[in-house]
Amino acid sequence: MSHSLWWRQATLLIILCALLVLLIPLPAWAASTQLERTPLTLELLQERLHNPTLREGNLTVDLRQMVIDLRPENASFRDAFYQLLRKELQKIGAKPLGLDLSYSLVQGDFIGSDLGLRTPLYAQAIAPIFTATEQAQLEQLRLVCLQSLTVTLINSKDCRSLLDTQSTASSEVTVFRGALTFTQTRFNGEVRFPNTFFLQSVDVQNAVFLQIANWSETRFSRLVSFYNSSFHKTSDFRSSIFFDKANFKQTQFLENADFQGSFFDKNANFNQAIFKQLARFNNIQWQENADFSDAKFTNQAQFTKSSFNQFLFLKEATFEQAVIFREVLFNQPVDLQNASILNQADFSDALFAKEAFLNVPGITFNSNQAKILGNPGQIGKMFSVPTLQGNQNILRNLGQNFRQQQQVTDANQIEYTKQQLRLQELSHELLGININNAPVVSLIRLGFSHIQAEAIAQRRIIKQFRNTNEILTLVDIDLATYNQLSDRLIVSEPLAIGSWLLEAWAWLALSVLLLLSGYGTNFWLVFGVGGVAIAYFGVLFWLVDRYRRLHPFPIIPTYYETVAIFISFSGLTFLSLLAIFRNAAQPWLTLGCLGIIIVPIPLILLIRLYQQGRYHDLMNVSYLSEDGTFRQLRLLIGRLPVIPRNQVFRERYMPLLCDRRWNWLNYYDFSLNNLVKLGFNDIRLRDEHLPGIISTLAWYQWSLGVLYITLVLWTLSRTIPGLNLLIYLK
């Protein structure tokens, strides 16, 4: 009883499965594999040739869903096939006739170039057998050849023939006047279209090439599409020209893909393409966008000496082996967002235009397993991320990558970029509108309507916002308003006044470090800043010491001394400004920051000094005194700007000799002592009959000197490779 019941259930289950298989529609790819193809015979071929179909306004030979046997053992049919097709496709003066092999199976080698019209291209004029429109299309080839004089494309036969105006020799080219359609066509043998000029569109979607596909030196005048096609052997597109858009989306290159020396006049789409073996894109001119988004390169990818005039999209692309961009010209940004570099990316000798950079937010890159190479001192400036949030690990890996290669300048540039983003983040936190506590009036002033501001206020009473995207959950907030105001909004816990002041201090300190030293990454910038300060304080102390009064007896410097001090000041300042403008990212802001530090307080003290006048003893003796026991270059780290009170020191330190022609040098030496703690003489202020304002001025510079020498040593530790390795030693 139970045994028979089990058999009934099993039988019922089998019947249900069979019904499901029969009733559920098959997917398109499965249906295509079960197409009923008709073997092509000569009689059927002649019938289709005599009765072409009209598709999209073009006459087409319909050979769809055929089995076309072109194998050597079927030589008689093969020869007749080419002869009959060639006769119809090459008719001169008639309306161009296209060829449609969609859903067909081609057995044996398909020599497509034998079907076109063989015609010479002369340097003097394009052959007159073509219509005016076709001649205009062929004339495009001459223009492309002229643009490619410095690229390997000029080695093609047709280009040499068109440009060699001194020679009567010509080169023949195969011209295919009609449209070509190979949708879901399967080629079991080789496919050859070398040196062929297609005047109409080429549609090769979902096709399968089981053997070598030769499209070298082919010219595609109209749209060409290899969408979702599969190349099982080498695909050869060397020195080809794509005058219109080229679509290789989702194309699978299972063997080598060779596009060397090609020319893409319009957008080239390799989105989601798969390259299983070597991909050669060397010496290519990309006139418009090149899109390799979400492409996968299993083997090496070569782009050497190519030229990208517009954007290069590598978003979410995967490079499992090396990708080479040596000597490439980038005229626009390169988008590497969320790309994966698992081995090596080589940008050696690459040229970046002013607008070009490497956009790398979300990039997958492990410096312990992969490398990014480039010219030292240049490649580090090319990396860009929009925000620090979510990209700190990327910047850390990039910095570590360059440190491992001892490219300290590039590693420091990455750190500089990181700190710039940190400064933007601090500015946003300090000045942005916090939607969790901003008054309704502030929200309205920012750009929200009254209804929108009230909706935000009501929402945060119930639950505070966690990120700015949550604003879009409110019915009254539209996407346009959000996109317009999102950059000025922040979402955080309300800051207490003490926390806000700490944030403001961090912002101020970081701003000063970035402006005056590139965050410790640029020694020459620090050198220029110090040069300006030394020259400025040197002249200031010279003025205070030598220009004391006009009445009743003038105490002023000589004409020679005045000329000497101002010429030297101009020379030193010029060299320092040159260093600043050559190395600072924002030189005018750097000068503004330096001016705020060194100008206001000394200027106030100087004005006050001359307002109150000077009436003290030793009026004709210099305020500065020098150590008379030594005259040598010394490091004066512990030196203070005023001599001690002990009588022994008063005997040891002697006033400057103001009547000497070289005395003006001592003021620069004193400024150097205070700022850099280095000098040829130990020059200090005397401790008797010294106005307090002058003492205050000297102590002010000495205090700045402590900060400056700290900045110098910190910068040196980050820019000298040996010291840098000690700091970042793991």
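All values reported here derive from a predicted model rather than from experimental measurement. (Residues numbered from 1 in each chain as written. Predicted model: local features only at pLDDT ≥ 70, side-chain atom pairs only at ≥ 80, totals over all residues. Heavy atoms only, no water.)

## Overview of the overall build of the chain
Rules: The numbering of helices and of strands both runs from the N terminus, where a helix is a DSSP run of H or I of at least 4 residues and a strand a run of E of at least 2. The buried label goes to any residue with under 20% of its type's maximum accessible area, the exposed label to any with over 50%, and the partly exposed label to all in between, with areas taken from a 1.4 Å probe on protein chains only. Residue exposure ignores everything except the shown protein chains as possible cover, and the areas themselves are Shrake-Rupley values with a 1.4 Å probe.
Each helix and strand in the chain was counted, giving 20 helices and 52 strands. Out of the 730 residues belonging to the chain, those deemed buried represent 48%. Accessible surface for the chain amounts to roughly 36,000 Å². Of this, 58% is attributable to carbon and sulfur atoms.

## Concerning helix α3 (residues 42–50)
Stated precisely, the cut-off is as follows: Relevant arc is that of directions from the helix axis to the C-beta atoms, nothing else. What makes two residues a contact is simply this: any of their non-hydrogen atoms within 4.5 Å.
Turning to α3, its buried residues number three or more, namely Leu-44, Leu-45 and Leu-49. The buried side chains of α3 occupy one side of the element, clustering within an arc of 135° when seen end-on. Across from the buried face of α3, at angles greater than 90 degrees, the exposed residues are Glu-43 and His-50. Those residues of α3 that are buried lie in contact with β1 (38–39), β3 (58–62), β4 (66–69) and α4 (75–89).

## Some details on the layout of surface pockets
Applied cut-off: Site definitions follow a grid-based scheme: protein atoms alone, a 1 Å grid, a 1.4 Å probe that fits but cannot get out for cavities, and for pockets an open set with protein on both sides within 12 Å along at least five of seven lines, plus lining residues having an atom within 4 Å of a point. Grid points are joined across faces, edges and corners, and a volume is the space filled by probe spheres set on the points.
What the largest pocket holds in volume is close to 720 Å³. Forming the walls of the largest pocket are 25 residues, and the residues nearest its centre are Val-512, Leu-516, Cys-593, Ile-597 and Leu-707. The space that makes up the second largest pocket amounts to roughly 530 Å³. In this structure, the second largest pocket is lined by 19 residues; those nearest its centre are Thr-387, Gln-389, Glu-425, His-428 and Leu-489. Elements supplying a minimum of two residues to the lining of the second largest pocket: α8 (408–431) and β47 (489–490).

## A short note on the confidence of the model for the chain
Filter applied, for reference: Note: pLDDT gives the predictor's confidence per residue, expressed from 0 to 100.
Per-residue pLDDT for the chain averages 84, and the proportion of residues at 70 or more is 86%. Counting contacts from residues 19–33, a segment whose pLDDT is below 50, to residues more than four positions away or on other chains yields 3 contacts.

## Notes on the side chain of Lys-418
Operational definition: Only four residue types enter the charge count: Lys and Arg as positive, Asp and Glu as negative, with His and the chain ends excluded. A carboxyl oxygen of Asp or Glu within 4 Å of a side-chain nitrogen of Lys or Arg is what we treat as a salt bridge.
Note on placement: Lys-418 falls in helix α8. It is Glu-415 that comes nearest to the buried, bridge-free Lys-418 among opposite-charge side chains, at 4.7 Å. Excluding anything up to four places from it in sequence, Lys-418 contacts Leu-388, Gln-392 and Leu-395.

## Brief notes about the environment of Thr-715
Mapped onto the elements of the fold, Thr-715 is located in helix α19 (residues 692–719). Taking relative accessible area as the criterion, Thr-715 reaches 0% and is therefore assigned buried. Beyond its immediate stretch of four places on either side in the chain, Thr-715 contacts Ser-517, Gly-520, Thr-521, Asn-522, Phe-523 and Val-526.

## Notes on the sheet that holds strand β6 (residues 105–107)
Where we set the bar: We treat two strands as partners when DSSP finds at least two bridges between them.
Reading across the sheet, the 12 strands line up as β1-β4-β6-β11-β15-β19-β23-β27-β31-β35-β39-β43 and stay open at both edges, with parallel pairing between neighbours. At either margin of the open sheet sits one strand with a lone partner, and together these are β1 and β43 (364–365). Pairing geometry for strand β23 (residues 252–253) and strand β27 (residues 274–275), over 2 bridges, is parallel. Bridge pairing links Phe-253 to Phe-275 in β27.

## Structural notes on the pairing of strand β5 (residues 97–100)
Going residue by residue along β5, you find Leu-97 and Leu-99 tucked away on one face and Gly-98 and Asp-100 tucked away on the opposite face as well. Sheet topology places β3 next to β5; 4 bridges connect them, and they run parallel. By the bridge assignment for β5, Leu-59 is matched with Leu-97. The sheet contact formed by β5 and strand β10 (residues 180–181) spans 2 bridges and is parallel. Directly across from Asp-100, in β10, lies its bridge partner Thr-181.

## Brief notes about the nonpolar core
The line we're drawing: For our purposes a nonpolar core is just a set of buried Ala, Val, Leu, Ile, Met, Phe, Trp, Tyr and Cys residues, chained together by side-chain atoms within 4.5 Å.
Counting residues in hydrophobic clusters, the biggest one holds 96 residues, and the most contacted among them are Phe-81, Phe-110, Trp-215, Phe-270, Phe-281, Phe-292 and Phe-330. Broken down by secondary-structure element, the contributors of at least two residues to this core are α3, β4, α4, β5, β7 (110–111), β40 (344–347), α7 (392–404) and α8. Here the element with the most residues in this core is α4; it accounts for 5 residues. Apart from residues lying up to four places away in sequence, Phe-81 is in contact with Leu-40, Leu-42, Leu-45, Leu-63, Ile-68, Leu-70 and Phe-110. Val-532, Leu-540, Ile-683 and Leu-711 belong to the second-largest nonpolar core, a separate cluster that totals 47 residues.

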